Amino acid sequence: MTNKLKYFIGNWKMFGDFGSLKIIYQIHRFCVGLKRRLKKNKIILCVPTTLIYYFNTKLKSKFISIGAQNCHSHDTYGPFTGSVNASMLKNAGAKYVILGHSENRTEGDTNRLIKKKIESALNQKLNIIFCIGETFEEKRDGKTLSILKSQIKGSIKKKYDFKKIIIAYEPVWSIGTGKIPKIQELKKTFKYIKSEFKKNFKTSTFPVVIYGGSVNGKNVHKFSSISEIDGFLIGGASQSSKKFIDIIRNYYK
Ligand code: PEP
């Protein structure tokens, strides 16, 4: 086990109301008990836009940061019914925003559009959780690495502050399915992502790269042998304090 900072990031998706604050309180209480250990962990919960301001004002936790799940690419106000931009998220108190999630890519987010969103969110000094990953068909056809390369090159620019970008490798076929990649494959993929970054962006800062896709309390220990994994993006299991806490606890067992 390394001493590097590990990220446990929850993606609540379309889940939660004001009453769900109790889930965050329970996670907070767990963190209080962990205190010293927590210096090695960063816990971020990306919640629906409707809850960001409420959670931020109610929850005074130095252990947990609140993030958003998407934003519009337009910097200023505009005629975009139902949308919020990065500055509105920032105003509500978000510190992070997930961009490029496969569920949004399926709804029309292209690499180019994601690049505009990243740019806009970075302008607002938000931290980005940038999702990349191949579909089942792309994996079957041996295209995983080339897809990741095109997603990275299509949305990331050299001039970005890489300290503000977390890459989340999320194989689309693994999200919500209970399937996870083979550990040897995952090791290779993580090495590839990190070396692609170094090669293309000539950055001395290695990006933080986390894994997402069906992570739970039972399988999380399998990932601990891969030192390149800097943490996890957790969907379904982050909607329950018990399941989320189990992941953190069992990772260190
Ligand atoms: C996600 O939606 O980012 C995700 C990883 O989902 P799950 O953990 O439910 O597979």
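Model, not experiment: these values are computed from the prediction.

Chemist: Go over the environment of Ile-64 with me, naming the residues and quoting the values.
Modeler: Among the secondary structure elements, Ile-64 is positioned in strand β3 (residues 64–68). Overall, Ile-64 belongs to the buried group, its relative accessible area being 7%. Considered as a pair, Ile-64 and Leu-45 are 19 residues apart in the sequence and their alpha carbons are 7.2 Å apart. With residues up to four places along the chain from it excluded, the contact list for Ile-64 reads Ile-24, Ile-27, His-28, Cys-31, Ile-43, Leu-45 and Leu-59.

Chemist: Outline the nonpolar core, listing residues and values.
Modeler: With 64 residues, the main nonpolar core has Phe-8, Ile-156 and Phe-232 as its most contacted residues. Of all the elements, helix α1 (residues 21–34) adds the most residues to this core, at seven residues. If we skip the residues at most four places from it in the chain, Ile-156 touches Ile-118, Phe-130, Phe-162, Ile-165, Phe-197 and Phe-201. Tyr-7, Cys-46, Cys-131 and Leu-233 belong to the second largest nonpolar core, which has twelve residues in total.

Chemist: Lay out the packing of aromatic side chains in plain terms, naming residues and giving numbers.
Modeler: This structure, assessed with the given rule, holds 16 aromatic pairs. A centroid spacing of 5.3 Å and a plane angle of 80° characterise the contact between Trp-12 and Phe-15, whose relative ring orientation is edge-to-face. Note on Trp-12: relative accessible area 0%, which makes it buried. Overall, Phe-15 belongs to the partly exposed group, its relative accessible area being 26%. Taking 6.1 Å as the distance between ring centres and 80° as the angle between the ring planes, the aromatic pair formed by Tyr-169 and Phe-190 counts as edge-to-face. You can see Tyr-169 sitting in strand β6 (residues 165–169) and its partner Phe-190 sitting in helix α8 (residues 183–201), a full 21 residues away along the chain. Three or more aromatic residues link up through ring pairs in this structure, and these residues are Phe-8, Tyr-169, Phe-190, Tyr-211, Phe-223, Phe-232, Tyr-251 and Tyr-252.

Chemist: If you had to explain the pattern of salt bridges to someone new, which residues and values would you point to?
Modeler: Evaluation of the coordinates by the stated rule reveals eleven salt bridges. Residue Lys-139 is joined to Glu-185 by a salt bridge in which the shortest nitrogen-to-oxygen separation is 2.8 Å. One end of the pair, Lys-139, is in helix α6 (residues 136–140); the other, Glu-185, is in helix α8, and 46 residues separate them in sequence. Across the salt bridge formed by Glu-196 and Lys-199, the nearest N and O atoms sit 3.1 Å from each other. Here Glu-196 pairs with Lys-199, and both are found in helix α8, just three residues apart, close to one helical turn.

Chemist: Summarise helix α7 (residues 144–155); cite the residues concerned and give the values.
Modeler: Along its twelve residues, α7 runs 17 Å from first to last C-alpha, staying within 8% of the 16 Å computed at 1.5 Å per residue. As for α7, its buried residues are in contact with α4 (102–105), α5 (111–123), β5 (127–132), α6, β6 and α8.

Chemist: Help me get a handle on the state of the cysteines, residues and values and all.
Modeler: Under the criterion given, the structure shown has zero disulfides. Free of any disulfide, Cys-31 has its nearest neighbouring cysteine sulfur in Cys-46, separated by 15 Å. Not part of a disulfide, Cys-71 finds its nearest cysteine sulfur in Cys-46, a span of 12 Å.

Rules used in this analysis
Residues numbered from 1 in each chain as written. Predicted model: local features only at pLDDT ≥ 70, side-chain atom pairs only at ≥ 80, totals over all residues. Heavy atoms only, no water. Helix = DSSP H or I, 4+ residues; strand = E, 2+ residues; numbered from the N terminus. Buried < 20%, exposed > 50% of the residue type's maximum accessible area, 1.4 Å probe, protein only. Contact = heavy atoms within 4.5 Å. Core = buried A, V, L, I, M, F, W, Y, C linked by side-chain atoms within 4.5 Å. Phe/Tyr/Trp six-rings, centres within 6.5 Å; stacked < 30°, edge-to-face > 60°. Salt bridge = Lys/Arg side-chain N within 4 Å of Asp/Glu carboxyl O. Expected span 1.5 Å × (residues − 1). Disulfide = S-S within 2.5 Å.

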